Amino acid sequence: ELLSPVAQSLSGRHAVVTSGPTHEPIDPVRYIANRSSGRQGHAIAAALARRGARVTLVSGPVTIATPAGVDLVAVETAREMLAAVEDALPADIAVFVAAVADWRSADAADSKMKKGPGGPPALALVENPDILATTGHHRARPRLVVGFAAETNDLLANAVAKLDRKGADMIVANDVSKGGADQGVMGGATNTVHLVTRSGSEAWPQMTKEAVAEKLADRLAVLLETAP
Ligand code: CTP
Ligand code: CA
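Here the structure is a predicted model, which means the values were calculated and not measured.

**Thoughts on the pattern of salt bridges**
- Inspection of every chain in the model, using the stated rule, returns 10 salt bridges.
- Notably, a salt bridge pairs Asp-130 with Lys-166, separated by 2.5 Å at the nearest N-O pair. With Asp-130 in the loop between strand E8 (125-127) and helix H3 (131-136) and Lys-166 in helix H4 (residues 155-166), this residue pair connects regions lying 36 residues apart in the sequence.
- You can call Asp-130 partly exposed: its relative accessible area is 28%.
- The partner of Arg-141 in a salt bridge is Asp-169, with the nearest N and O atoms 3.0 Å apart.

Set out below in structure tokens:
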């Protein structure tokens, strides 16, 4: 282990982390997805595990390695992700980092859709379940429920609205207006975040996703220690 040891501040705790994108089938060979690499979510799972927590990492399809010491539940769709999160409860901490597809095909085809004289098919969409909001209002709600939010405008106002709507204790808001397309947050190595809670917000300097994970894990350990 090359990483320096950290205090076992989360031993005896269970944490659930969602990570990566979801894939929503259109037909057996096509899907709706997004550019999430899973890097931030996996780093948070790793940081929590290093502090002694038992970690259930519910991840959509990613190409990065599963961190040491976490229990991976691999899923594809938002509905599978929600079921896996509910199966993993109870937990002390839940951190929702996955870039869940907001919509899925209303009627995924059982066989490959073919081109034809009728022109392109219309793709009807329906909204996916909100995994964070479901957990934030769950009868087995974890003590600490943390969401992420990527915003370009009104970062703090949007983050506060998401806190309330989703029943979260904290939103880690990504300022995706910082940096050009060449240093996009999705798939990129760094994040510039604001930590938003009901008692206010704090801006963190730009840092690697691993550094965000370490700082967040330390904060969650303190909150769990001091929360009523
Ligand atoms: N989230 C979730 N399930 C969904 C959509 C979002 O669990 N179906 C979680 C994300 O993992 C993230 C938080 O909710 O922690 C905020 O996601 P975001 O996409 O910013 O919020 P939305 O409610 O989807 O709103 P919008 O995309 O319209 O801004
Ligand atoms: Ca969304």
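Following the structure, the description resumes.
**Thoughts on the UniProt feature "binding site: CTP" (unreviewed entry) in the protein chain**
- According to UniProt, the "binding site: CTP" (unreviewed entry) feature falls on Asp-102, Lys-112, Pro-129, Asp-130, Ile-131, Leu-132, Phe-148, Lys-162 and Lys-166. Considering the C-alpha atoms alone, the annotated residues occupy 65 residues of sequence and remain spread out, their largest mutual distance being 37.8 Å.
- Of the polar contacts made by the side chain of Asp-130, one reaches the backbone nitrogen of Ala-133; its length is 2.8 Å.
- Its location among the elements puts Ile-131 in helix H3.
- Each residue touching Ile-131, except ones within four places of it in the same chain, is listed here: Ala-78, Met-81, Leu-82, Val-85, Phe-96 and Val-100.

Reading the values: rules and limits
Residues numbered from 1 in each chain as written. Chains lettered and ligands numbered in written order. Predicted model: local features only at pLDDT ≥ 70, side-chain atom pairs only at ≥ 80, totals over all residues. Heavy atoms only, no water. Salt bridge = Lys/Arg side-chain N within 4 Å of Asp/Glu carboxyl O. Helix = DSSP H or I, 4+ residues; strand = E, 2+ residues; numbered from the N terminus. Buried < 20%, exposed > 50% of the residue type's maximum accessible area, 1.4 Å probe, protein only. UniProt positions renumbered as here; feature names shortened; annotations may be inferred. Polar contact = N/O pair within 3.5 Å; in protein donor to acceptor, adjacent residues only side chain to side chain. Contact = heavy atoms within 4.5 Å.

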